[in-house]
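Spelled out, the chains give:
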Amino acid sequence: MADLPCRQVVEVITSYLEGSLGWRERRRFEKHLRGCDACSRYLEQMRATLDVLGTVPVDTLSPEAQSTLLEAFRDLRH
Amino acid sequence: MAGDAGELVAALRAGDEAAFARIVQDWSRPMLTLARGFVSTQASAEEVVQETWLAVLKGIDRFEGRSSLRTWVFRILVNTAKSRGVKEHRTLPWSSIAGDEAGPGLDPALFQSAGEPYPGHWRAAPSAWPEEVAVEGSVLAGEVRRELASVLETLPDRQRIVLTLRDVLGHSSEEVCELLGISQANQRVLLHRARTAARAGIAAYVEGS
Ligand SMILES: [Zn+2]
């Protein structure tokens, strides 16, 4: 089986991280990483990216909207 | 109804305001992100979330517990958002992948082409990042987090929504597929695109600074 070129490795990285590669493809992917510092670094950077993504703040309802809802809760449930 | 879910439903029915405040606090973020996928403005998405909570309050006595409370709430949200999206003539093609999303996610120019010594291999390895990028609380991590927040803004809607639900808010791929009504394969394409762009955003920032 042909070696996986770096260009393809970076395109299956999400499938690899999602655990959706077949065992054969997974073995090829891991074999490539063992011999390729550049792709290993890329994978490491992708993992670091996911770590930072987990800390990005996301919008929620405004405090005004939240207190309107709490008022509605009081009116309806009491 | 199993364990916690049953207790939560009982608390809501009994008028426990703190319990309601807590789920509004915890669930409104993913709800807002999700709603934005079906309507045309952030303000409209906020109204959808509020409308959903009101429907939950009115309907909680009828909730039968065949699904988890959260699944039930999110289903009401998606239905509310979809019907509003129809009124707004907003159509995000969730079920198909656009042509521009089918090709490679990373710039092909980063790799050697057919006439070069190692076709398909990196022209130059990606430059190393300072360790602080992933050290929570470091100055650089803070800057990178802000940078990522602005990269998120520039992503196409579907990619941003999938990435936010998966990697920022931590929902499982099964949940995201069910909520958005997309296949695992489509979800993976959108997620891959978005993650590739996010990593490239950090790389550009780190190399530029
Ligand atoms: Zn490689």
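Residues numbered from 1 in each chain as written. Chains lettered and ligands numbered in written order. Predicted model: local features only at pLDDT ≥ 70, side-chain atom pairs only at ≥ 80, totals over all residues. Heavy atoms only, no water.

Listed as interface residues are 42 residues of chain A and, on the opposing side, 62 residues of chain B. Between chain A and chain B the total buried area reaches about 4,600 Å² when both faces are included, carbon and sulfur atoms providing 66% of it. Three residues, Leu53, Phe73 and Arg77 of chain A, lead the burial of chain A against chain B; their summed loss comes to 15% of the area buried on that side. On the surface where chain A and chain B come into contact, there are three salt bridges. The shortest N-O distance in the salt bridge between Glu18 of chain A and Arg195 of chain B comes to 4.0 Å. For the interface between chain A and chain B, the tally reads 13 residue pairs in polar contact (both at pLDDT 80 or more). Elements that contribute at least two residues to the side of chain A that touches chain B include exactly helix 1 (6–9), helix 2 (13–18), helix 4 (37–53) and helix 5 (63–77) of chain A. (Contact = heavy atoms within 4.5 Å. Buried area = accessible area lost by both parts, 1.4 Å probe. Salt bridge = Lys/Arg side-chain N within 4 Å of Asp/Glu carboxyl O. Polar contact = N/O pair within 3.5 Å; in protein donor to acceptor, adjacent residues only side chain to side chain. Helix = DSSP H or I, 4+ residues; strand = E, 2+ residues; numbered from the N terminus.)

On to the environment of Ser40 of chain A, then. Structurally, Ser40 of chain A is set in helix 4. For Ser40 of chain A, a relative accessible area of 25% gives the class partly exposed. (Buried < 20%, exposed > 50% of the residue type's maximum accessible area, 1.4 Å probe, protein only.)

Let's shift gears to helix 3 (residues 42–59) of chain B. Between its terminal C-alpha atoms helix 3 of chain B stretches 25 Å, which fits the 26 Å expected from 18 residues at 1.5 Å a residue. Each element contacted by the buried residues of helix 3 of chain B is listed here: helix 5 of chain A together with helix 2 (17–35) and helix 4 (69–87) of chain B. (Expected span 1.5 Å × (residues − 1).)

Time to look at the domain arrangement of chain B. All names here are of chain B. Taken as a whole, chain B is organised into domain 1 (3–87) and domain 2 (108–208). One C-alpha centre belongs to domain 1, the other to domain 2, and the line joining them spans 30 Å. Listed by partner, the interface residues are twelve residues for domain 1 and ten residues for domain 2. Where domain 1 abuts domain 2, roughly 900 Å² becomes buried across the two surfaces, and 69% of that area is made up of carbon and sulfur atoms. Broken down residue by residue, the surface that domain 1 buries against domain 2 is led by Thr33, Leu34 and Arg70, which jointly contribute 44%. (Domains from an automatic or database assignment.)

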